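Examination of the molecular architecture
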Amino acid sequence: MGTNFDRKCSDPSKEGGALFKSPTFSLSPLKTTLATQKHEATLTVYVSTIPVKSASTILGRLRNAEIDNGLNLQHLRRFAKYTDVPEHVLSSIQAARRSLGLGPDVDTSQELLLLVGGINSVSHEEVHYIISPTVTQVPICSIMVPLLAPTSYEQAVSWSSRFWPTVYKKSNPFGPHPSIISRAQEDIDGDSRTWMELAIRAGQESRRLGHGEAIGVAVVERCDGQSRLLAVSGDARWLDWKHGGSGNVAGHAVLRSIAMVATSIKASENGNIDSTETACTAPRSIFHDKPVISAEHGQSRASTSRYLCHGLEIYCSHEPCVMCSMAILHSRFGKVIFNKRMPETGGLSSEGDLAHGLFWRKELNWTLLAWEMSNGDASGETLGLEINA
Amino acid sequence: MDPQTTEGKTGVSRAREDMSAEERAVHINFMREAIAMVTLLPLLNVPQNILSLTHTLQQGELALQTDETPVGCVFVHEGVIIGRGTNATNRTLNGTRHAEFEAINEILTTPASTSSEDLTNAESPEGVSDRCEMKYTPAILKECDLYVTVEPCIMCASLLRQFGIRKVYFGASNEKFGGTGGVLNIHRANGRVPKEGEVLERHKDDYEVSGGWLREEAILLLRRFYVQENGKGWYSVSPFESRCLCLIVYLCMLVETGADVQIAPVPKKRKDRTVKEVEPLEEATQS
Ligand SMILES: [Zn+2]
Ligand SMILES: [Zn+2]
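Notes on the structure follow. Going along each chain's sequence as written, the residues are numbered from 1 onward. All chains are assigned letters beginning with A, and all ligands numbers beginning with 1, in the order in which they are written. Selection of residues for local features in this predicted model requires a pLDDT of at least 70, selection of side-chain atom pairs for listing and counting requires 80 or more, and totals for whole chains, interfaces and linings are taken over all residues. Hydrogens are left out, water is left out, and the side-chain values use all remaining heavy atoms of the structure.

1. Details of the coordination of the zinc ion (ligand 1)
Residue and element names in this part refer to chain A. Bound to the zinc ion (ligand 1) are the protein donor atoms His252 (ND1), Cys321 (SG), Cys324 (SG) and Ala389 (O), situated 2.1 to 2.4 Å from the metal. Between the donor residues of the zinc ion (ligand 1), the gaps in sequence give the motif H-x68-C-x2-C-x64-A. Placement of histidine 252 in the loop between strand E7 (226-234) and helix H10 (253-269) and of alanine 389 in the segment after strand E11 (369-374) is noted, with a sequence separation of 137 residues between them. Taken as a pair, histidine 252 and alanine 389 share a single burial class, namely buried. Each metal's donors are the N, O and S atoms within 2.8 Å of it, or within 3.2 Å when it is Na, K or Ca, and because water is not part of the set, sites may look incomplete. The secondary structure listing takes helices from DSSP runs of H or I that are at least 4 residues long and strands from runs of E that are at least 2 residues long, numbered from the N terminus. The cut-offs for exposure are 20% and 50% of the maximum accessible area for each residue type, with area from a 1.4 Å probe on protein chains only; residues under the lower value are buried, those over the upper are exposed, and the others partly exposed.

See below:
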């Protein structure tokens, strides 16, 4: 088994090349539930005009007023030039001027637009006071702005043209920081195809042998730039299973890979009293936690001190079902990469039917990075939509 | 943990007024069995570590310890417990071995009988796989009720949905991972959140859920687990008790397995006796 394993690892170009010829092949980070749900949440804010020369005085009064309570509007520019805001903002402010009986002529080079604050956190009178405690006529209008920070530069540009000048600060209020994602993606970019191909192949073999659906999984440990295969499993829901229904749910490929990692850690720790346990427990179980086909492997991880599958990578030919997605979280994986999306049963994505986005939810005590690894329709088996992968 | 709860020792809350007292008593009884799974947890581990047990017996001291999160469950079919499970994530180093998985494994691997007729039939073309007939088919799960001390997590809620279950009775709710109301509602439409104005249609895999059964006791178990320092177990018994315990386990094994060294994972049929034996031990540790 060892030599077989080495061969597969050491020659990714040969092994992985066959399936992934498609130039469209790519890794794309999954969106979190927050990112999909609150993507375009907006807030109504007061905007006014101020003379350029009194900008700093007004900013001082604004700070003293402490009106942004609870709201983080760091992604929005405080001051904007007339030329920087969308047309509808200009017409709103013109309308405000008209209602005060002010003329339409403004020296736009001598004036700035000021975003004062959300209409629920500051009153019209306060705005007036902040802009000018002495001048009686202050044009104030209200506009809509994006409530939460943009998650990409493109989004910031789009929002700037639609709402108000918006800055992309390379932060992500809805999930992992973009720099963490991109660094992690660089790490896996080189060999992720190889692992995915192993996963897909294990699934195909499982199906061919009638063990299960064409769903496969590979688990990889990555230390100091070196990656190492720990487990490969195919789906085994029909193995030793004479019944219909959805098969042996405990035989899903993800659960089997997790069990294989655990079994090999246990085996490597043995030599002590624990070995009696494997010898004595009943041979029959619904957990197929040992390799049953040639494509499958179980290998102990290098750092045995760590517990469960902490920080490991898991490659899935199909988006895991809700059960398997949560199993991945319970096992403390660090990265999950899947090939085919399961729009009706998948538990990871925040955009499918279920939209659970389990890989990154604030309520759960573990989060991990997740990618969809699409390769067009070049390879992999298409499963029935109702199947839980 | 929950000062607002005033339901008393039964822990039966709200939504159950329509239930008759007899019916409630039945559910509470089964929930007690689920809790007993946890209080018996160290004992259940004993047969599997029989060698270390006899070893410690020689030393005259036994400290039964566990660092498993104390969650236990029973599956009930037509008023009869057909499967039991406890959380086994630490023992197996597998973070997915929750009580529900263990219990379903037990149900689906219970042999129908050990008669020689079955054994001869076993040499079918498939070989090993059909060595013996199983007592239950997976379809039985759809007619089962689950009693579990803590609300099933999202993973187990999905497991139950995929295998099928009739109703889930749980003790404490699980705000961190709960899949039947705590975080997601997997038992309803696989957790899909209805769109505005949409009423979710009942799906064939949906199942009923009822929480709060013996809640205080379930919470107490968890609290005792989390309070302990360094993750070590909360059971330690005196040398005399350990000898008694070993003797019981040994006798159970003899009855279960005859003189064979093969050891059954759980001395199921002796459960009544074991419960009686363990309760005094528990009191001893509390004092
Ligand atoms: Zn699955
Ligand atoms: Zn669970």
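2. Overview of the pattern of salt bridges
Any Lys or Arg side-chain nitrogen found within 4 Å of a carboxyl oxygen on Asp or Glu counts as a salt bridge. Counting across every chain of the model gives 25 salt bridges over all chains. A:Arg361 is paired through a salt bridge with A:Glu363; the nearest N and O atoms lie 2.9 Å apart. For B:Glu102, the salt bridge is made with B:Arg91, and the minimal N-O distance between the two is 3.9 Å. Residue B:Glu102 is found in helix H5 (residues 99-108), and its partner B:Arg91 is found in helix H4 (residues 89-92); the two are separated by 11 residues along the sequence. Members of the salt-bridge network, linked through shared partners, are B:Arg161, B:Arg188, B:Arg202, B:Asp206 and B:Glu208.

3. Some points on helix H6 (residues 124-131) of chain A
Residues and elements named next belong to chain A. When H6 is considered as a whole, its buried residues turn out to be Val127, Ile130 and Ile131. All buried residues of H6 project into a common sector of 95° when viewed along the axis, lining one side. Counted as exposed and oriented over 90 degrees from the buried face of H6: Glu125 and Tyr129. Here, residues are in contact when the closest pair of their heavy atoms is within 4.5 Å. Looking at the buried side of H6, the elements it contacts are strand E2 (42-51), helix H4 (55-65), strand E4 (111-118) and strand E5 (140-146). The reported arc concerns the directions from the helix axis to the C-beta atoms and nothing else.

4. Considering the interface of chain A and chain B
With 47 residues of chain A in contact, the opposing surface of chain B contributes 45 residues. Buried area: the accessible area, evaluated with a 1.4 Å probe, that two parts lose upon being put together, summed over both parts. Approximately 4,000 Å² of surface area, both sides summed, lies buried where chain A meets chain B, with 64% of it carried by carbon and sulfur atoms. Of all residues in chain A, the largest losses of buried area upon contact with chain B belong to A:Arg284, A:Phe287 and A:His330, amounting jointly to 17% of the total for that side. There are one salt bridge connecting chain A and chain B. In this structure, B:Glu133 and A:Lys242 form a salt bridge, with 3.5 Å as the shortest nitrogen-oxygen distance. Here a polar contact is recorded for every N or O atom pair within 3.5 Å, except that within protein the pair must consist of a potential hydrogen donor and a potential acceptor, and residues adjacent in sequence are included only if both atoms are side-chain atoms. Joining chain A to chain B, the criterion identifies four residue pairs in polar contact (both at pLDDT 80 or more). Where the side of chain A that touches chain B is concerned, the elements lending two or more residues are H10, helix H11 (275-280) and helix H12 (322-330) of chain A. A per-element tally of the side of chain A that touches chain B places H10(A) first, with seven residues. When residue character is reported, Ala, Val, Leu, Ile, Met, Phe, Trp, Tyr, Cys and Pro are called nonpolar, Asp, Glu, Lys and Arg charged, and the others, Gly included, polar. Looking at the side of chain A that touches chain B residue by residue, the classes come out as 23 nonpolar, 13 polar and 11 charged.

5. Considerations on the environment of A:Val47
Residues and elements named next belong to chain A. You can see valine 47 is positioned in strand E2. Among the residues examined, valine 47 registers a relative accessible area of 0% and is labelled buried. Considered as a pair, valine 47 and isoleucine 119 are 72 residues apart in the sequence and their alpha carbons are 9.9 Å apart.

6. Comments concerning the coordination of the zinc ion (ligand 2)
All names here are of chain B. Bound to the zinc ion (ligand 2) are the protein donor atoms His98 (ND1), Cys153 (SG) and Cys156 (SG), situated 2.0 to 2.3 Å from the metal. Counting along the primary sequence, the residues that act as donors to the zinc ion (ligand 2) give the motif H-x54-C-x2-C. On the criterion of sequence distance, the pair formed by histidine 98 in the loop between H4 and H5 and cysteine 156 in helix H7 (residues 154-163) is long-range, its members being 58 residues apart. Judged by relative accessible area, which is 14%, histidine 98 ranks as buried. Of the residues examined, cysteine 156 reaches a relative accessible area of 0% and is grouped as buried.

Geometric values such as these leave the question of function open.
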